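Now for the letters of each chain:
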Number of protein chains: 4
Amino acid sequence: MYFVSDNAAAACPEVIEAVLAANTGVVGTYDGDALTQRLDGVFGDFFGHACRVFVVGSGTAANCLGLAAMVPPWGAIVCSREAHIQVDEAGAPAFFSGGASLILAEGAAAKLTVDAVRAAVAGMRGDVHQVQPCVLSMTQATEYGCVYTPDEVAALGEEAKRRGWRLHMDGARFANALVHLGCAPADITWRAGVDMMSFGFIKNGGMSAEAIVVFDPALAGTLPHRNKRAGQMPSKGRYAAAQLLAMIETGAWERNAGAANAAAARLAVAAGDRLLHPVEANELFLRASPEDSAALRAKGFEFYDWAPGEIRLVTAWDTPEAHVQALAAALSEL
Amino acid sequence: MYFVSDNAAAACPEVIEAVLAANTGVVGTYDGDALTQRLDGVFGDFFGHACRVFVVGSGTAANCLGLAAMVPPWGAIVCSREAHIQVDEAGAPAFFSGGASLILAEGAAAKLTVDAVRAAVAGMRGDVHQVQPCVLSMTQATEYGCVYTPDEVAALGEEAKRRGWRLHMDGARFANALVHLGCAPADITWRAGVDMMSFGFIKNGGMSAEAIVVFDPALAGTLPHRNKRAGQMPSKGRYAAAQLLAMIETGAWERNAGAANAAAARLAVAAGDRLLHPVEANELFLRASPEDSAALRAKGFEFYDWAPGEIRLVTAWDTPEAHVQALAAALSEL
Amino acid sequence: MYFVSDNAAAACPEVIEAVLAANTGVVGTYDGDALTQRLDGVFGDFFGHACRVFVVGSGTAANCLGLAAMVPPWGAIVCSREAHIQVDEAGAPAFFSGGASLILAEGAAAKLTVDAVRAAVAGMRGDVHQVQPCVLSMTQATEYGCVYTPDEVAALGEEAKRRGWRLHMDGARFANALVHLGCAPADITWRAGVDMMSFGFIKNGGMSAEAIVVFDPALAGTLPHRNKRAGQMPSKGRYAAAQLLAMIETGAWERNAGAANAAAARLAVAAGDRLLHPVEANELFLRASPEDSAALRAKGFEFYDWAPGEIRLVTAWDTPEAHVQALAAALSEL
Amino acid sequence: MYFVSDNAAAACPEVIEAVLAANTGVVGTYDGDALTQRLDGVFGDFFGHACRVFVVGSGTAANCLGLAAMVPPWGAIVCSREAHIQVDEAGAPAFFSGGASLILAEGAAAKLTVDAVRAAVAGMRGDVHQVQPCVLSMTQATEYGCVYTPDEVAALGEEAKRRGWRLHMDGARFANALVHLGCAPADITWRAGVDMMSFGFIKNGGMSAEAIVVFDPALAGTLPHRNKRAGQMPSKGRYAAAQLLAMIETGAWERNAGAANAAAARLAVAAGDRLLHPVEANELFLRASPEDSAALRAKGFEFYDWAPGEIRLVTAWDTPEAHVQALAAALSEL
């Protein structure tokens, strides 16, 4: 019974069907096929705002190609100390941008606040001797499974705007956040000041495609060059575009995220006061002694040892109901 | 009737089936799944030599991540003036390597020869004021659809070895070359001095995965870091690995390349003395006046205007027999 | 009366004389002149250990070219949160290395300790998803004017060695540290595990040249290429080499640093319990209210507002004795 | 008797005196001193056009930092196959720009022509699969000692403008070109379409400072950040600025270049039909058999073997008259 990572989940039926449906005959290459060409429109409708959409092959590429389009090589990106771009992308922000730095802000549950951002850059000078912060990057939902409300996003958006910075969103689990909030996609993106985002599909039932969504057209111009140069413009673009279209147009994004969130919510109830952070998406972080962990593993549960005395559980769109029930029971019994 | 590019072809049934077969339940993430873990062994058997295999999402990534593992940022790569890495990868060799240069050698049909390589670096100095050539990159089959024989590869391998350089092969159409030659894979790779290659599958019936194959284990160590940092390590590795395994293990690589080559050969006969280069793989370059081109297009054929008075025709694994017949007839009639 | 920065001091007479003496007739270009060729030997004698010496034009270049020779683009450098490479080099570590990151360790007075280093990398994983720490960079004297003892350096050296990391020293004020300690140069460099260092001369009475000193010959090989490519190999190398040789061979390094340290020590006595850090080199950090600062400025003293309620005073080799006396008196009167 | 390189010449008296004069007391650091602050004005007067001037430590840095401010990482710079940035800067254009390529144009005496530029980019496409040419870089005087007339520069300027490219000038020997032409500096720079240039002083009697001169203010904004990050912003800026000011304000630039040109012209007469290129600055390229070379060396002349049967002679501002006479005589006798 697997609760290690949502990257281990399969692709959902709609994605598979879309890939199969795309596999007919010759079509335009790179971004010249009809599916890729529909992306801007479909996502524009989804967000209620004109946007440019680029398909890439991983969240790392989505995040860091996007950031590179907003930060000069001597610039800096303010993010949480726990941000995926800091912790789990092997230096990709510097690679894609030609050297930009990360400035780490503190905050509970990997959540940025305006105060934390201010503290992170307090005392920085605008002179040429220092790197120049110019992008704020937030993760929605955060790396600890917490969700920014529209007001929280907007507060960061205002702070960014006030400073002349850009606001970037790592939306690896954006669908989970959106389902949790029940708001319009616009409410936590462009309307709240987000200039560009990574819209993650792979963890939520996709196969191999992520999207960079650009809300400010002024930021889109370099991305075709950046993506091609980085080998992130698939030559048979249809298979990637098909996945994204399927997720959006069939509503699979919502159903999948809803299922994963619901499973996590159920486990959260069982976990009770072991919870280290509110459970608002599909991840749980729990206090668990070595004995607790061993007991869970003895019952057949797989999960990640997050830190001494802490474990991480992740649900996915396809986590079997029976596994969730069993784990909930096991957590209750601990 | 489409003869523009083999990137426009669909994925072949074996690839599709393998992707479907891979879509069952949870598996290890990134390169931790059973399919990805089988790659080294399967390709090792294919080549008759231990190798390390890395899956990436495009030929550009395969070529340039591989090259980056062999060339320092102040190094240089000797390649044909017509090489894909020079002409069609948007500066990716410099991007992935941190600045390495290309030194362009001349040669008929985009084919390197030892003499052309020597001429390209004649007069270069080994001092710190110049970039330092240290890799030879050849394309098999070449960008003009010509194939290096085992002896030709070996001659380049010897020249590289003699100079202390590495030999890299862009094998975007390696399967086509192999089918043309009918030799063992080893004969035109490691046995002939190739240290690392891009083994292309996408043009030959794949969907979205290419392989970097490393024959010299000393060159493999940095690639996991390079790939991850470049967003070229898919989080659901199984779908990419499945494609490569299917192509190799079912023999689809050979059947597909054989079909494309055969179609090209048939067209070559019809093209007669219009041919600008020998047709040894799945591309034809023809002399064609504007009137010729217009006539072909009027009959429903799509193709690429290569240069004034020259057109390019590309066949694929799934080019319909009827289209080939029709085009052959049309060419004969010109 | 100027106490803002030692970069504002003039060049000392020995340096000027050496530059004049070097200005005779034609000599070899780049590193081909007799002065440049003497650098390895003279510094080897100074340190009591064979070394390779490279002349560059700034401390930023010295630090970051050196670091780049020790860290891969996906690597990381552990340094103090207050380190010059983090705070005042505009992202140069990432620029020269092709993307390496800094991992910030805490510590009083910008001083690294083994515990702080361990804490900084605690929880980091050795997998490909994270940057890989592989260099420890310490500043001697620190950015707060404190000096590592030989034992403190050696402890860091052992920790680095144990982890398979390299130890780098930013010696922008190395001479000040050495004078403070009164030990042999070897005691706080190669003998204590330092693999490479920046030996700073400009702040200590030089004009325009800094040295990269490489103690481990295995690390020197790429630097000629790196330096040339970065425009950090002066075409008339003699003028830079002359400065370094003069500083070492005349003992100006020691006299100058001694003078600056003595001035700082005298001010430290006057500053009393206002001191925020021990004064062991040529910098003082003091508590000073806005009224205090205004009072000092009213008397003609120039200095740097370090932080709210804190000021920085820097002495130099040529700070006039009368200015030091006057400032000491003014500090006593506060 | 030395004719190998003008980098081997000493610094001229005005430069030395200016450095000495600058060596008084404390002054602002980095670019905060009065000398550095005068640069824009003095060069503005010299060129008859407002400009921004940045001091760096080498011609490589001047060229490639300037180019980096005009070309994106996926861009390309069109230059002569013999350009210094191609032949002798160790890949610095890619390093500073983050990956930009060079496109090599042919041309006699390393001189670009509009036709050669057009030929170099003929057949290039504007799509994302190719690097995008956006800067033309010319060397004045060329690497073969030839000088572009105002009309020739203007023709390149018009071609660049027509294409939306920028025009860059490597002016390592700009003073020699200017003296040869006897025109106003404006005639071969901004008035002829040059957007940015490297103004070389080191070869012409300077010591260690070169200038980047920016005529289009829109291009200057990133250079302070780029220069600092590259360690090319000297902390004691006065010594570098003093050199440039002395060269311009005393007219040493003109006298020095005039002397070097005159010496070369005299040798050119003696060389007669051995000359491979017109002698318009301070370099001569001659046909010389191995016996000829040996004969010259036997008489005490040092020079560079350019290619089989070809030698290069370079004069400098301080080449002794007697050496010139002797070499002229020796050439006549060959």
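Conventions used here
- Residues numbered from 1 in each chain as written.
- Chains lettered and ligands numbered in written order.
- Predicted model: local features only at pLDDT ≥ 70, side-chain atom pairs only at ≥ 80, totals over all residues.
- Heavy atoms only, no water.
- UniProt positions renumbered as here; feature names shortened; annotations may be inferred.
- Helix = DSSP H or I, 4+ residues; strand = E, 2+ residues; numbered from the N terminus.
- Rg over C-alpha atoms; globule rule 2.2 N^0.38 Å.
- Buried < 20%, exposed > 50% of the residue type's maximum accessible area, 1.4 Å probe, protein only.
- Contact = heavy atoms within 4.5 Å.
- Areas by Shrake-Rupley, 256 points an atom, 1.4 Å probe, with all protein chains shown as cover.
- Lys, Arg positive; Asp, Glu negative; His and termini not counted.
- Charge placed at Lys NZ, Arg CZ, Asp CG, Glu CD.
- Expected span 1.5 Å × (residues − 1).
- Salt bridge = Lys/Arg side-chain N within 4 Å of Asp/Glu carboxyl O.
- Buried area = accessible area lost by both parts, 1.4 Å probe.
- Polar contact = N/O pair within 3.5 Å; in protein donor to acceptor, adjacent residues only side chain to side chain.
- Nonpolar A, V, L, I, M, F, W, Y, C, P; charged D, E, K, R; others polar.
- Disulfide = S-S within 2.5 Å.
- Axes fitted to C-alpha atoms, helices over the stretch in contact; angles between N-to-C directions.
- Parallel < 35°, antiparallel > 145°, perpendicular 65-115°, else oblique.
- Domains from an automatic or database assignment.
- Core = buried A, V, L, I, M, F, W, Y, C linked by side-chain atoms within 4.5 Å.

Chain A appears in an unreviewed UniProt entry as L-threonine aldolase from Sphingosinicella microcystinivorans. The UniProt entry for chain A carries this comment under Cofactor (unreviewed entry): "pyridoxal 5'-phosphate".

Caption draft 1: Up close: the overall build of chain A. Broken down by element type, chain A carries 13 helices and 10 strands. Relative to the globule expectation of 20 Å for 334 residues, the C-alpha radius of gyration of chain A, 20 Å, shows essentially globular dimensions. Classification of the 334 residues of chain A by burial places 63% in the buried group. Of the contacts formed within chain A by residues at least 6 apart in sequence, a portion of 74% connects residues at least 24 apart. When the accessible surface of chain A is totalled, it reaches about 10,700 Å², and 54% of it is carbon and sulfur. Mean positive and mean negative side-chain charge positions of chain A (25 and 36 charges, respectively) differ by 5 Å.

Caption draft 2: Up close: helix α7 (residues 150–163) of chain D. Residue and element names in this part refer to chain D. Helix length check: α7, at 14 residues, gives a terminal C-alpha distance of 20 Å against a target of 20 Å (1.5 Å per residue), a fit within 8%. The inward-facing, buried residues of α7 abut α6 (114–121), β4 (132–139) and β5 (166–171). One or two positions beyond α7, positive phi appears at Gly-164, with a value near 75°.

Caption draft 3: Geometry of the pattern of salt bridges. Inspection of the entire model under this criterion finds 80 salt bridges over all chains. Notably, a salt bridge pairs Arg-166 of chain B with Asp-216 of chain B, separated by 2.7 Å at the nearest N-O pair. Of this pair, Arg-166 of chain B sits in strand β5 (residues 166–171) while Asp-216 of chain B sits in the loop between β7 (210–214) and α9 (223–229), and the two are 50 residues apart along the sequence. Residue classification places Arg-166 of chain B among the partly exposed positions, given a relative accessible area of 25%. A single network of salt bridges, built from pairs that share partners, joins Asp-6, Arg-173, Glu-283 and Arg-312 of chain A.

Caption draft 4: Representation of the interface of chain C and chain B in the model. Counting residues at the interface gives 15 residues for chain C and 15 residues for chain B. Taken together, the two surfaces of chain C and chain B that pack against each other cover about 1,400 Å², and 71% of this comes from carbon and sulfur. The largest contributions to the chain C side of the interface with chain B come from Trp-74, Val-128 and His-225 of chain C, which together make up 46% of the buried area. Seen at the junction of chain C and chain B, the total is zero salt bridges. Where chain C touches chain B, the interface holds six residue pairs in polar contact (both at pLDDT 80 or more). Broken down by element, the residue count for the side of chain C that touches chain B peaks at five residues, all from helix α9 (residues 223–229) of chain C. Split by residue class, the side of chain C that touches chain B holds six nonpolar, six polar and three charged.

Caption draft 5: Seen up close, the interface of chain B and chain A. Opposite the 40 residues of chain B that make contact, chain A presents 40 residues. Buried area between chain B and chain A, both sides added, is near 3,500 Å², and the carbon and sulfur share of it is 58%. Three residues stand out in chain B for area buried against chain A, namely Phe-95, Arg-229 and Lys-236 of chain B, and they jointly supply 22% of the buried area on that side. The interface formed by chain B and chain A includes zero salt bridges.

Caption draft 6: The arrangement of the state of the cysteines in detail. All names here are of chain B. Per the counting criterion, the structure on display carries zero disulfides over all chains. Here Cys-79 stays free of any disulfide, with the sulfur of Cys-64 as its closest cysteine sulfur at 10.0 Å. There is no disulfide at Cys-146, and the cysteine sulfur nearest it, in Cys-183, is 16 Å away.

Caption draft 7: Structural detail: the packing of helix α8 (residues 174–181) of chain D against helix α11 (residues 252–271) of chain D. Residues and elements named next belong to chain D. Taken N-terminus to C-terminus, the directions of α8 and α11 make an angle of 80°; their axes are 8 Å apart at the nearest point. When the interaxial angle is binned, α8 and α11 end up roughly perpendicular. Only Trp-253, Glu-254, Ala-257, Gly-258, Ala-260 and Asn-261 of α11 make contact with α8, whose side of the interface consists of Ala-175, Asn-176, Leu-178, Val-179 and His-180. Of the residues belonging to the contact of α8 with α11, the class tally is six nonpolar, four polar and one charged.

Caption draft 8: Representation of the UniProt feature "domain: Aromatic amino acid beta-eliminating lyase/threonine aldolase" (unreviewed entry) in chain A within the structure. As annotated by UniProt and renumbered to match this structure, "domain: Aromatic amino acid beta-eliminating lyase/threonine aldolase" (unreviewed entry) occupies residues 3–268 of chain A. Here residues 3–268 of chain A is 42% helix and 15% strand, with 13 Å between the C-alpha atoms at its ends.

Caption draft 9: Up close: the domain arrangement of chain A. Residue and element names in this part refer to chain A. Per the domain assignment, the segments of chain A are domain 1 (12–250) and domain 2 (253–333). Of the residues lining the interface, 22 residues belong to domain 1; the matching set on domain 2 comes to 18 residues. Both sides together, the interface formed by domain 1 and domain 2 hides about 1,800 Å², and carbon and sulfur atoms give 55% of it. Summed over the three residues of domain 1 that lose the most area to domain 2, namely Tyr-144, Asn-176 and Val-179, the buried surface amounts to 29% of that side. On the surface where domain 1 and domain 2 come into contact, there are two salt bridges.

Caption draft 10: Looking closely at the nonpolar core. Residues Phe-43, Phe-199 and Val-213 of chain C together with Phe-43, Phe-199 and Val-213 of chain D are the most contacted members of the largest nonpolar core, which totals 132 residues. Sequence-distant contacts of Val-213 of chain C, defined by excluding residues within four places in its chain, comprise Phe-43, Phe-47, Cys-51, Arg-52, Val-53, Asp-195, Met-196, Met-197 and Phe-199 of chain C. Ala-105 and Ile-248 of chain A together with Val-131 and Phe-215 of chain B belong to the second largest nonpolar core, which has 128 residues in total.

Caption draft 11: Examining unusual backbone geometry more closely. Each neighbour pair has its own omega, and for Gln-140 of chain A with Ala-141 of chain A the value is -10°, a cis peptide bond. As for its position among the elements, Ala-141 of chain A is in the loop between β4 (132–139) and α7 (150–163). The residue Ala-110 of chain C is not glycine, and still its phi comes out positive at about 60°. Relative to the helices and strands, Ala-110 of chain C is located in the loop between β3 (101–105) and α6 (114–121). In this structure, Ala-90 of chain D is a non-glycine residue whose phi angle is positive, near 55°. Assignment of secondary structure puts Ala-90 of chain D in the loop between α4 (84–87) and α5 (92–97). Classification of Ala-90 of chain D by relative accessible area gives buried; the value is 3%.

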